[in-house]
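So the chains spell out like this:
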Amino acid sequence: MSSNVRSPSLMQGYVAALTTVVIWAGFILISRLGGKTALTGWDIVALRLGTAALFLLPFSLKLPPGTWRNPRLWILAWVGGIIFLAFIYAGFKLAPAAHGGILLPGMQPFLVTALAWVMLGSRPDRQRLWGLLPIALGVACVAIPQITGTHGDASTLMGDALILCASVAWAAYSVLVKKWNFDPWLLTRFVAIASALVYLPVYWFWLPRHLDQVPMSMLVLQGLYQGLGPTIIAMIMFLRAVQILGAERTGALVALVPVLAGLGAVPLLDEPLTVWLVAGLGLVSLGAYLSARPPRSATPKPGQISKP
């Protein structure tokens, strides 16, 4: 009886998962909002890394011995920190938020499956492969108007390419994290602080800065949201959701991110929602949902809780 009282409720898991979804969708919208200002992509990377590092530094004074000498952690800091952030914020200077929703979270099941197959030898089952088909069709819905010139222009196509590069970097980061199996809290602290140590001096001395060309409110918004939201809070909420709901159900809920980002961009950023984009958002979200579902043989029986 007492163990049931102490066990977390499903409602807590769903709240954690939906909080993660909202923060990740907000990341796309806030990033695009910053991209439409005078801020450079380099500025937003600096604001994110600087804020996250300052907040995490008090929790990182006594990292496990050998942490700073571990080459794998440095690789993860470069791939999941500097490289990913440089591509994604450069992409959002040029491409709409709805494109980011499709090409970033929407493409992750596709890219992670492909890279896990190549890097880990993890062959996907037939059900997962069928789930990837709608993702490919959804991305085609975005690409066709750009290639044929029906909508958008060359700069939008370049932005899409940069976001896709960011998506590949994040998928590689995800696969390496799974392969090397680091503690998530250690990884969060190290990636943020190590990335800041490498990036901020380079940014300050050699990269273009437009911090003085936007209101202070925009700097505060970008710094606090980017540095605390997706970097720290969403990570904690995501892990909590996986712990309670399991990886499959949490992954299925995360499929809502492209839809929320695409729909939110209409009133918040005044971006058009074309038929092609609606189709792409729907297909990518469906594919992400199908890819996150557990295999039929692993479907829990009534009353049985699926394990993360």
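Being a predicted model, the structure only gives us computed values, none of them experimental.

J.: I keep staring at the overall build of the protein and nothing clicks. Help me out?
T.: Within the protein, the regular secondary structure consists of 13 helices and zero strands. Mapped in sequence order, the helices and strands of the protein form the string α-α-α-α-α-α-α-α-α-α-α-α-α. In terms of C-alpha radius of gyration, the protein reaches 19 Å, essentially the compact-globule figure of 19 Å for 308 residues. For the protein, the spread of C-alpha atoms along the principal axes amounts to about 60 × 55 × 35 Å.

J.: Sorry if this is basic, but what is going on with the pattern of salt bridges here?
T.: Close approach of charged atoms lets side chains of opposite charge pair. With the rule as written, the count across this model stands at one salt bridge. One salt bridge in this structure joins R32 and E271, with 3.1 Å as the shortest N-O distance. Here the residue R32 occupies a position in helix α2 (residues 10-35), and E271 occupies one in the loop between α12 (257-269) and α13 (275-292), the gap between them amounting to 239 residues. Residue class for E271 comes out buried when judged on its relative accessible area of 8%.

J.: For this particular structure, what's the right way to read the confidence of the model for the protein?
T.: Residues shown with low pLDDT carry predicted positions that ought not to be read at fine detail. Within the protein, residue pLDDT values average 89, and 92% of them lie at 70 or more. Within the model, the stretch residues 1-5 combines pLDDT values under 50 with zero contacts to residues more than four positions away or in other chains. Below pLDDT 50 for its whole length, residues 298-308 participates in 11 contacts with residues either more than four positions away or in separate chains.

J.: Would you mind showing me how to read the environment of Q12 here?
T.: Within the fold, Q12 resides in helix α2. Q12 has contacts with R240 and I244, leaving out every residue within four places of it along the chain.

J.: Teacher, can you tell me more about the packing of aromatic side chains here?
T.: Aromatic ring pairs: the centre-centre distance and the angle between the two ring planes describe each pair. Enumeration over the complete set of coordinates arrives at 11 aromatic pairs. When the ring of F59 is compared with that of W185, the centres are 6.1 Å apart and the planes differ by 70°; the resulting orientation is edge-to-face. Here F59 is found in the loop between α3 (41-56) and α4 (71-91), whereas its partner W185 is found in helix α9 (residues 184-206), with 126 residues between them in sequence. For F59, a relative accessible area of 45% corresponds to the partly exposed category. Each member of the aromatic cluster is reached from another via a ring pair, and the members are F55, F59 and W185. The cationic tip of R209 hangs over the ring face of W204; the distance from NZ or CZ to the ring centre is 4.4 Å.

J.: Would you explain helix α6 (residues 108-120) in this entry?
T.: The α-helix advances 3.6 residues per turn, and as a result positions three or four apart in sequence lie on the same side. Listed in full, the buried residues belonging to α6 are Q108, P109, L111, T113 and A116. Buried-residue contacts for α6 involve α7 (126-148), α8 (154-180) and α13. Where α6 terminates, the next one or two residues include G121, which has phi positive at roughly 70°.

J.: Just checking my understanding: could you explain the nonpolar core for this structure?
T.: One broad rule of soluble globular proteins: the nonpolar side chains tend to lie buried together. With 54 residues, the main nonpolar core has F84, I88, I102 and Y199 as its most contacted residues. In terms of residue count, the dominant contributor to this core is α3 (eight residues). The contact partners of I102, leaving out residues within four places of it in the chain, are M107, G138, V139, V142, P258, L277, G280, L281 and V284. In this structure, A77, V79, L176 and F182 belong to the second largest nonpolar core, which totals 13 residues.

Rules of the game
- Residues numbered from 1 in each chain as written.
- Predicted model: local features only at pLDDT ≥ 70, side-chain atom pairs only at ≥ 80, totals over all residues.
- Heavy atoms only, no water.
- Helix = DSSP H or I, 4+ residues; strand = E, 2+ residues; numbered from the N terminus.
- Rg over C-alpha atoms; globule rule 2.2 N^0.38 Å.
- Salt bridge = Lys/Arg side-chain N within 4 Å of Asp/Glu carboxyl O.
- Buried < 20%, exposed > 50% of the residue type's maximum accessible area, 1.4 Å probe, protein only.
- pLDDT = per-residue confidence, 0-100.
- Contact = heavy atoms within 4.5 Å.
- Phe/Tyr/Trp six-rings, centres within 6.5 Å; stacked < 30°, edge-to-face > 60°.
- Lys NZ or Arg CZ within 6 Å of the ring centre and 35° of its normal.
- Core = buried A, V, L, I, M, F, W, Y, C linked by side-chain atoms within 4.5 Å.

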